[in-house]
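Structural description and commentary
Residue-level listing of the chains:
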Amino acid sequence: MRYWLMKSEPADVSIDDLAALPNQTVPWYGVRNYQARNFMRDGMQVGDGVLFYHSGCAEPGIAGIARVASTAYPDATQFDPASCYFDAKATPESPRWLHVDVQFVRKTRLVGLPELRSQPELENMRVLARGNRLSITPVEPAEWRFIVGQLLGATDLVN
DNA sequence: GCCAACGTTGGC
DNA sequence: GCCAACGTTGGC
């Protein structure tokens, strides 16, 4: 069991949007960065914990908890010429972009960036590193325990 | 393989 | 809208 932080722009898919979807599940479409893709393809397993993070908005921060709900499979938007995520170099025979399904677990209070940065326990957290732009980053078990257990008080979700 | 130019992310 | 940081592209 591993843990991840996944960024989503709430104008696109917010934690409330995720909760309202069928099966409360969304294919994590639109990732066009190889490192982030590789985390989904090579690192993720069904049941992994996800910190659902709102980015590109007025109050960036952790907005909820989710879980990985599938292994990686091709992102359909890469084949769709009408999609802004279309990739002319990708074919169904040789897909370039893979993603997992992400399922809602719980909406939480918003733990904003300044609060995250103020915690000595999180000083090495990957998403907080200078210049980080990755939309998917691994979360250390100790970081997960601190955020979910201490900051959010969701002790039932710590393990 | 190098590297300059360009594009994107994302906080502020 | 600005800008730092970093990834990708493409000429050589």
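Since the model is a prediction, treat every value here as computed from it, not as a measurement.

Every α-helix winds through 3.6 residues per turn, so residues three or four apart in the chain are directed the same way. Along helix α4 (residues 141-151), the residues classified as buried are E143, W144, F146, I147, V148, G149 and L151. Lining the buried residues of α4 we find β1 (3-8), β3 (49-54), β4 (61-68), β7 (101-112), α3 (113-117) and β8 (136-139). Among the residues trailing α4, G153 stands out with phi positive, at a value near 65°.

The next subject is the pattern of salt bridges. For the coordinates displayed, the defined rule picks out six salt bridges. Measuring nitrogen to oxygen at the nearest pair gives 3.7 Å for the salt bridge that ties D87 to R96. The class for D87 is buried, based on a relative accessible area of 12%.

The volume enclosed by the largest pocket comes to roughly 330 Å³. Considering the residues around the largest pocket, the lining is formed by 16 residues, among which K7, S8, D12, Y29 and Y85 are closest to the centre. For the lining of the largest pocket, the elements supplying multiple residues, two or more each, are β1 and β2 (25-27). Here the lining of the largest pocket is composed, by residue class, of seven nonpolar, five polar and four charged.

The next point concerns the UniProt feature "domain: EVE" (unreviewed entry) in chain A. Under the UniProt annotation, the feature "domain: EVE" (unreviewed entry) is placed at residues 2-148. Counting secondary structure, residues 2-148 comes out at 20% helix and 29% strand; the distance between its end C-alpha atoms is 14 Å.

On to the protein's contact with DNA strand C. N33, Y34, Q35, R130, G131 and R133 make up every residue found near DNA strand C. Near the protein, within 4 Å, the atoms of DNA strand C are sugar or phosphate in 75% of cases. The contact in question runs from a base oxygen of DNA strand C to an N or O atom on the side chain of R133, over 2.8 Å. Among the residues forming the surface near DNA strand C, the class breakdown is one nonpolar, three polar and two charged.

With that settled, the discussion passes to the packing of aromatic side chains. Applying the stated criterion to the full structure yields five aromatic pairs. Ring centres 4.6 Å apart and planes at 25° place the aromatic pair Y3 and W144 in the stacked group. Of the two residues, Y3 is situated in strand β1 and W144 in helix α4; the sequence distance between them amounts to 141 residues. Comparing Y3 with W144, the two get one shared label, buried.

Taken together, K7, Y53, S55, G56, P60, L113, R133, L134 and S135 make up the full set of residues adjacent to DNA strand B. Atoms of DNA strand B within 4 Å of the protein belong to the sugar or the phosphate in 75% of instances, the rest to bases. Residue G56 places a main-chain N or O atom 3.1 Å away from a phosphate oxygen belonging to DNA strand B. Within the side chain of R133, an N or O atom sits 2.3 Å from a base oxygen of DNA strand B. Of the residues assigned to the surface near DNA strand B, the class counts are four nonpolar, three polar and two charged.

A separate point is helix α2 (residues 34-43). Within the sequence span of α2, burial applies to A36, R37, F39, M40 and G43. Contact partners of the buried residues in α2: β1, β6 (98-99) and β8. A distance of 2.9 Å separates the backbone nitrogen of Q35 from a side-chain oxygen at the start of α2, and that oxygen is part of N33.

What counts as what
- Residues numbered from 1 in each chain as written.
- Chains lettered and ligands numbered in written order.
- Predicted model: local features only at pLDDT ≥ 70, side-chain atom pairs only at ≥ 80, totals over all residues.
- Heavy atoms only, no water.
- Buried < 20%, exposed > 50% of the residue type's maximum accessible area, 1.4 Å probe, protein only.
- Helix = DSSP H or I, 4+ residues; strand = E, 2+ residues; numbered from the N terminus.
- Contact = heavy atoms within 4.5 Å.
- Salt bridge = Lys/Arg side-chain N within 4 Å of Asp/Glu carboxyl O.
- 1 Å grid on protein atoms, 1.4 Å probe; cavity = no way out; pocket = protein on both sides within 12 Å on 5 of 7 lines; lining within 4 Å.
- Points joined across faces, edges and corners; volume = space filled by probe spheres on them.
- Nonpolar A, V, L, I, M, F, W, Y, C, P; charged D, E, K, R; others polar.
- UniProt positions renumbered as here; feature names shortened; annotations may be inferred.
- Near = heavy atom within 4 Å.
- Polar contact = N/O pair within 3.5 Å; in protein donor to acceptor, adjacent residues only side chain to side chain.
- Phe/Tyr/Trp six-rings, centres within 6.5 Å; stacked < 30°, edge-to-face > 60°.

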